[in-house]
Structures are given as structure tokens and as C-alpha cells.
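What follows is each chain in one-letter form.
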Amino acid sequence: MAKERPTAEKGVEDRVLAYGDRAVGQGQATTANPTAQPQPVKPPTPVDLILVDPRGAVPSSVPAALAAEIGAVRRNGWTAPLSGMVNAVFQARKRGMTSQQERFQAGKMDYTFYLVEGHSSAASSWKEVNDWLLDHGLIDAGRGRAYFEIAKSAWEDSSKIGFGMPPQQGFAKAAVVKVDALRKSAKSLPIDRAMLNVLKHEFAHMCGADHGSAGIMLPQAPLAGTPAYDDKAMQRIFLDLARLIASQEPQLKAAYERGNL
Ligand SMILES: [Zn+2]
């Protein structure tokens, strides 16, 4: 009798009940235990953007602008900019050449960019550049071999401005920007803006992001204006920062070594 209700009608009733249950649940969540202490807020993790500038090529406005623009990256659907999403504070500074000891000790939240000459009479050699990468802990073997090949060809090609080495499943990473090649490509464009765009492009590579079909991750980073990261690059940057923040260096190093035998 009353039990023989059509299935469709019962379905409607179930949905309504389910909605009511959820509404009650939310009410309880917001009013339960009003005297509870708020959870302690975890301090943000510092992310260091280190601009190694042995020849004074970096305009003074660039470090602060780089940190601000990366921290402010915001993907559709995120409830906060990148800095809030991963609870990090981005800070950037320029400095002179690193020592080998400093390169050995680069930590998981250090993003080191070398801004050097590639083709002028003051050029660094590939041997030097290769040594910096190895000192940072990057492995030139296994799957890592391909990244060294890409780096060497970018270094030797005067039409290429630089490269960024990804950490894969570890944390070692570094980027190299040839400031003479950058100046040549930028021609009369503002050099600070062009440099920022290249640094943002290489930062994404240091987070494991690939090239895209639009925006700042085009294979040749646009040097003018403020092109955005494509959606895939933003997701990659977010995931890789979250991975590093949540992980311990010895475990990351071991995973990287296992992956590049
Ligand atoms: Zn690239």
C-alpha cells in the first residue's frame, strides 16, 4: 500500500532529505564548541629566489618584483594566491658568485638563478656551468642525462637565453640565464621586464613545468608585457612547492638518486 511508492518519487524524497542533513551538519560545524582555542597558525615557509649576479647585470628593481609576482600567481578556482595556497613567503635577493660549498649546501626551498655572460669575451665556459649544476646536486645520468643535454645545447646556442633544471622527484635545481643573449633578444625593450619574464619562465622549469602553447611558458619566453603562466604551469608550480614544503631533504635526495641510476 503506502510502501508501493514509485521509485522516482522516493528518489526525490531522498535527495531532499540528504540536502537537509547536510545543512544541519554545516550548522553544527560552525557552532560546535564555541570556546575551543583556534588552531595555531603554521608560520609560512620562506622560499628563496637567489639571483647570482657576478657582473652586476640585474637591475635593482628585479628581485622584489620577482618575489612579488610569483607569490601573487593565482589560478582559476584557487581561494588565495600561490603564497597563500602553499603558505610560503617568497623572498628574492641578488648576490655575487656562489662558492662550491654554498652550492653543495643549497636547500630544498632555494631557487638559484645564475645570471652570467654566455657568448661575450667575459663568457663563462660550459665546463664551469656544468660544474655549478653538479655542485647543486643535479645528476647527469639516467633520466637526468636528457636535462643536461638540453642545458648544454641551450648554453651553446646564442639564440637561446637560458635554461632551468627541474628537481624531478628530488630538490636539487638551478637555472642559468645568459644576460648577453637576453640583451640581444630584448633589443630596445625594457631590460628589467624582459629579465623578470625570463626568470619567471625558468622558475617554472625549476618546479618541473614544461613549455606551453601560450603565455610565459612559450618555448621562447615573451620578453615584453606581463604574460601569465598557463594553467598547467600554475598547477605544476603549486604541486611542486607543496611537495618540497612537506618533504625532508634526505628522503627527497634518496628518491632522486633512485630515479636517476
Ligand atoms: Zn623554457
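No experiment lies behind these values; they were computed from the predicted model shown.

Visitor: Got a minute to help me understand the pairing of strand β3 (residues 110-116) in this structure?
Guide: In summary, the side chains of a regular strand alternate between the two faces of the sheet. With seven of seven residues buried, β3 lies mostly within the body of the structure. Judged from the five bridges that link them, strand β1 (residues 45-52) and β3 form a sheet pairing that is parallel. Within β3, the position partnered with Leu51 by the bridge is Phe113. Here β3 runs beside strand β5 (residues 174-178); their pairing, made up of four bridges, is parallel. Across the sheet, Val116 pairs through a bridge with Lys178, a residue of β5.

Visitor: Would you explain helix α2 (residues 62-71) in this entry?
Guide: Residues separated by three or four positions in an α-helix point in the same direction, a consequence of the helix having 3.6 residues per turn. Residues of α2 that are buried include every one of Val62, Pro63, Leu66, Ile70 and Gly71, and no others. Down the axis, α2 shows its buried residues gathered within 155° of arc, on one side only. Residues of α2 that are exposed and point more than 90 degrees away from the buried face comprise Ala64 and Ala68. Residues of α2 that are buried in the fold lie against β1, α3 (82-85), β2 (88-95) and α8 (191-206).

Visitor: In this structure, what is going on with the environment of Lys42? I would like to understand it.
Guide: Within the secondary structure layout, Lys42 lies in the loop between α1 (7-31) and β1. Classification of Lys42 as exposed rests on a count of 8 C-beta atoms within 10 Å.

Visitor: When you look at the pairing of β5 in this model, what are you seeing that I'm missing?
Guide: Taken across its five residues, β5 has five buried, putting it largely inside the fold. Here β5 shows two buried faces, one formed by Ala174, Val176 and Lys178 and the other by Ala175 and Val177. Bridge count between strand β4 (residues 162-165) and β5: four bridges; the pairing is antiparallel. Bridge pairing in β5 links Met165 to Ala174.

The rules we used
- Residues numbered from 1 in each chain as written.
- Predicted model: local features only at pLDDT ≥ 70, side-chain atom pairs only at ≥ 80, totals over all residues.
- Buried ≥ 20, exposed ≤ 12 C-beta atoms within 10 Å, placed from the backbone.
- Helix = DSSP H or I, 4+ residues; strand = E, 2+ residues; numbered from the N terminus.
- Pairing = 2+ DSSP bridges.
- Arc of directions from axis to C-beta.
- Contact = placed C-beta atoms within 7 Å.

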